[in-house]
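Structural description and commentary
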Amino acid sequence: MSTLGGVKARPPLRSGSMFNSHSVAVEDSQDGGLKNTKNPGTSAAGVWESAVCWCNTYLHISPKWKIMYYALSLWLFSMLKETHPPHLDFLTGKHSTLNQVFVKLGWLWTSSVFALYGILSLPIHKKPLPIFGRLCVRYVVTTLIFYVWCAMIFPMVESYTGACLHKQIQVFDITKKDCLKRNGYFYHSFDISGHSYLMTYCVLILMEESKESLYFLQLSRYLRKAENPVEDNDRPLLDRNEALHLETKFTIMGPLILVSYVGLFVLCVLWDFMLVITTIYYHTFSEKVLGSALALCMWYLLYHFIFPKKL
């Protein structure tokens, strides 16, 4: 199966999308990348390929390396937090544009981009309706998981463990909001980092959904007649006539798909950056560890047990 940067595409996302021995697929290079057979800049399809491959160098990092990066950065940046680095309010403050416009609406941005990317991709598939159905299921389930943790469980845990303190004495019958407004009062709770959970969860899901780009690369290379004929017996076949039927659709939809894919890439970079900000400036180490660990568990459960075979 074709891989890119250490990532193997999930078969369901590409079912019904491969070529037979009379058509063309992509050959893997020794370093795990996709090997070009012609100068990619010689056609619009080649430009499309170059842009997608460039984004894929980030989006298709092996999950194990991504997890190792998250673990290491969580430890290192949490140590940096203990030095009390100065705030740059326009960048790291709670009321910054990045936090209020993007992070606070993080799942809305993420789900919108990956849904748009999936919908725009449908016309260049041989059988778009089953793929659309699977996309809808993934969208609903991932959104439900986000809502249950971030809107229900995390606030419940904070409320259950929270206490308003004044001169180290607990004050009852006062809300968190009122407690924080009063001078000399301090609200203490175990506040699982929703930002750590959300940013990690969003990045991993976008990485998974981006694997569909491997099919687009193969179709693009077929259309510009790259000469790497192979057979792949574990996927449904697409003969030359069927592939050529997609050429007009690919020419029209390709630029739109590329724009949505670049948006997906930009979001991943932004969420990783905001995760660094959260790790350096907010929450205790245990709150961030638990938030990130829960996101990793949800991603693994969804994309390795629930979605792979049928979704």
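Relevant structure appears above.
Summary of the structure given here. (Residues numbered from 1 in each chain as written. Predicted model: local features only at pLDDT ≥ 70, side-chain atom pairs only at ≥ 80, totals over all residues. Heavy atoms only, no water.)

Things to note about the sheet that holds strand S4 (residues 169-171)
- Here three strands make up an open sheet; going across it, the order is S4-S3-S5 and the pairing antiparallel. Looking at strand neighbours, the two that pair on one side only are S4 and strand S5 (185-188), the edges of this open sheet. On average, each strand axis in the sheet is tilted by 40° relative to the strand beside it, whichever way the strands run.
- As judged from the three bridges shared by strand S3 (residues 163-166) and S4, these two strands associate in the antiparallel manner. Note on S4: the bridge partner recorded for cysteine 164 is valine 171. (Pairing = 2+ DSSP bridges. Helix = DSSP H or I, 4+ residues; strand = E, 2+ residues; numbered from the N terminus. Axes fitted to C-alpha atoms, helices over the stretch in contact; angles between N-to-C directions.)

Examining the pairing of S3
- With four bridges joining them, S3 and S5 adopt antiparallel strand pairing. From the neighbouring strand, leucine 165 faces S5, where its bridge partner is phenylalanine 186.
- The turn linking S3 back onto S4 is made up of two residues, and lysine 167 within it adopts a positive phi angle of 55°.

Quick look at helix H5 (residues 106-121)
- Here H5 is 16 residues long and its end C-alpha atoms lie 23 Å apart, about the 22 Å a rise of 1.5 Å per residue gives.
- Those residues of H5 not exposed but buried are Gly106, Trp107, Thr110, Ser111, Val113, Phe114, Ala115, Tyr117, Gly118, Leu120 and Ser121.
- Where H5 is buried, its residues touch helix H4 (97-103), helix H6 (128-161), helix H8 (194-209), helix H9 (213-223) and helix H11 (247-281). (Expected span 1.5 Å × (residues − 1). Buried < 20%, exposed > 50% of the residue type's maximum accessible area, 1.4 Å probe, protein only. Contact = heavy atoms within 4.5 Å.)

Some thoughts on the state of the cysteines
- Applying the stated criterion across every chain, the model contains one disulfide.
- The disulfide bridge from cysteine 164 ends at cysteine 179, spanning 2.1 Å between sulfur atoms. Torsion about the S-S bond of the cysteine 164 and cysteine 179 cystine: about 90°, corresponding to right-handed handedness. Note that cysteine 164 is positioned in strand S3 and cysteine 179 in helix H7 (residues 176-181), a separation of 15 residues in sequence.
- On the accessibility criterion, cysteine 164 (3% relative accessible area) is buried. (Disulfide = S-S within 2.5 Å.)

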